[in-house]
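The lines below spell out each chain.
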Amino acid sequence: MTVARERIAAMAALVALVALATPALAADGAEVHGRACKKCHRTGVDDAPITGDREAWAPLVKTGREALIKSVIDGKGKMEPRANRPELTDEEIAASVDYFLELVK
Ligand code: HEC
C-alpha cells in the first residue's frame, strides 16, 4: 500500500516537472537572437538591419514575416543560410524573426 502511494506521488511529481519544463521547449525568440543574430544585428555588421531600429526595419516589416523567415533560412546577401547556424530549427528562426518584428512594432 505504502509503496503504491509512493509510486503515485513519484508519478505526480514527474508529471508536474514535465508540465513545468514544457514552456521551455517552445522557441524563445529573444534567446535565439542573443545566441545567433545579435552579433551582426546589434552592431549592423555588413549593413545588417539593426535590432530595434524602426527606420531600418520599416521596409522589412512591409516585406512580411513569411518572406523574412525565408530570407533567413535561404540566406540573404552577407547573411549565410540559417544565419550560418545549421542547428537552428525553422521554429527557432521564426521565433527570432518574430522577436525582431516585435521590437519595431
Ligand atoms: C553574420 C552576420 C549575421 C548574422 C549572424 C545574422 N544576420 Fe540577419 N542579416 C545580416 C545582413 C548583412 C543582412 C542584410 C542582408 C542584405 O540585405 O543583403 C541581414 C538581413 C536580415 C533580415 C532581412 C532579410 C531581408 O529579406 O531583407 C532578417 C529578417 C534577418 N537578417 C534576420 C536574422 C536572424 C533572425 C538572425 C539570427 C537567427 C540573423 N539575421 C543573423 C547579417 C547577419
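Here goes a summary of the coordinates provided. Note that the structure is predicted; figures quoted are calculated from it, not measured.

Some points on the overall build of the chain
So, step 1. Of the regular secondary structure elements, the chain holds five helices and zero strands.
So, step 2. The 105 residues of the chain split such that 18% are buried.
So, step 3. The contacts in the chain between residues at least 6 apart in sequence include a share of 59% that link residues at least 24 apart.

Here's the deal with the environment of Trp57
So, step 1. Residue placement: Trp57 occurs in helix H3 (residues 54-63).
So, step 2. Given 20 C-beta atoms within 10 Å, Trp57 falls into the buried group.
So, step 3. Here the alpha-carbon distance between Trp57 and Leu103, two residues 46 residues apart in the chain, equals 9.7 Å.
So, step 4. In this structure Trp57 touches Pro49, Phe100 and Val104, once residues within four positions along its chain are discounted.

Considering the packing of helix H4 (residues 65-74) against helix H5 (residues 90-103)
Each pair of packed helices gets described by two things: the angle between the helix axes and the distance between those axes.
So, step 1. Look at H4 against H5: their axes get within 10 Å of each other, and the N-to-C directions meet at 125 degrees. Viewed along their axes, H4 and H5 adopt a mutual orientation that is oblique. Crossing hand, H4 versus H5: right-handed. Residue-level contacts link Arg65, Leu68, Ile69, Val72 and Ile73 of H4 to Asp90, Ile93, Ala94, Val97 and Leu101 of H5.
So, step 2. Grouping the amino acids of the contact of H4 with H5 by side-chain chemistry returns eight nonpolar, no polar and two charged.

A closer look at the packing of helix H2 (residues 29-41) against H5
So, step 1. As a packed pair, H2 and H5 sit with axes 8 Å apart at the nearest point and diverge in direction by 100 degrees. Judged by the angle between their axes, H2 and H5 are roughly perpendicular. In contact with Gly29, Ala30, Val32, His33, Ala36 and Cys37 of H2, H5 contributes Glu92, Ala95, Ser96, Asp98 and Tyr99.
So, step 2. The residue inventory of the contact of H2 with H5, partitioned by class, reads six nonpolar, three polar and two charged.

Observations regarding the site of the ligand
So, step 1. In the vicinity of the ligand there are 26 residues, among which Cys37, Cys40, Ser71, Gly77 and Ala83 approach most closely.
So, step 2. When contributions to the shell around the ligand are tallied by element, the ones reaching two or more residues are H2, H3, H4 and H5.
So, step 3. Examining the composition of the shell around the ligand, we find that six residues originate from one element, H2, more than from any other.
So, step 4. The class makeup of the residues in the shell around the ligand is 16 nonpolar, five polar and five charged.

Here we look at the nonpolar core
So, step 1. Residues Val32, Ala36, Val72, Ala83, Leu88, Ile93 and Val97 are the most contacted members of the largest nonpolar core, which totals 14 residues.
So, step 2. For this core, the leading source of residues is H5, giving six residues.
So, step 3. Apart from residues no more than four positions distant in its own chain, Val97 is found in contact with Arg65, Leu68, Ile69 and Val72.

What counts and what doesn't
- Residues numbered from 1 in each chain as written.
- Predicted model: local features only at pLDDT ≥ 70, side-chain atom pairs only at ≥ 80, totals over all residues.
- Helix = DSSP H or I, 4+ residues; strand = E, 2+ residues; numbered from the N terminus.
- Buried ≥ 20, exposed ≤ 12 C-beta atoms within 10 Å, placed from the backbone.
- Contact = placed C-beta atoms within 7 Å.
- Axes fitted to C-alpha atoms, helices over the stretch in contact; angles between N-to-C directions.
- Parallel < 35°, antiparallel > 145°, perpendicular 65-115°, else oblique.
- Left-handed = near helix turned anticlockwise from the far one by under 90°.
- Nonpolar A, V, L, I, M, F, W, Y, C, P; charged D, E, K, R; others polar.
- Near = placed C-beta within 6 Å.
- Core = buried A, V, L, I, M, F, W, Y, C linked by C-beta atoms within 7 Å.

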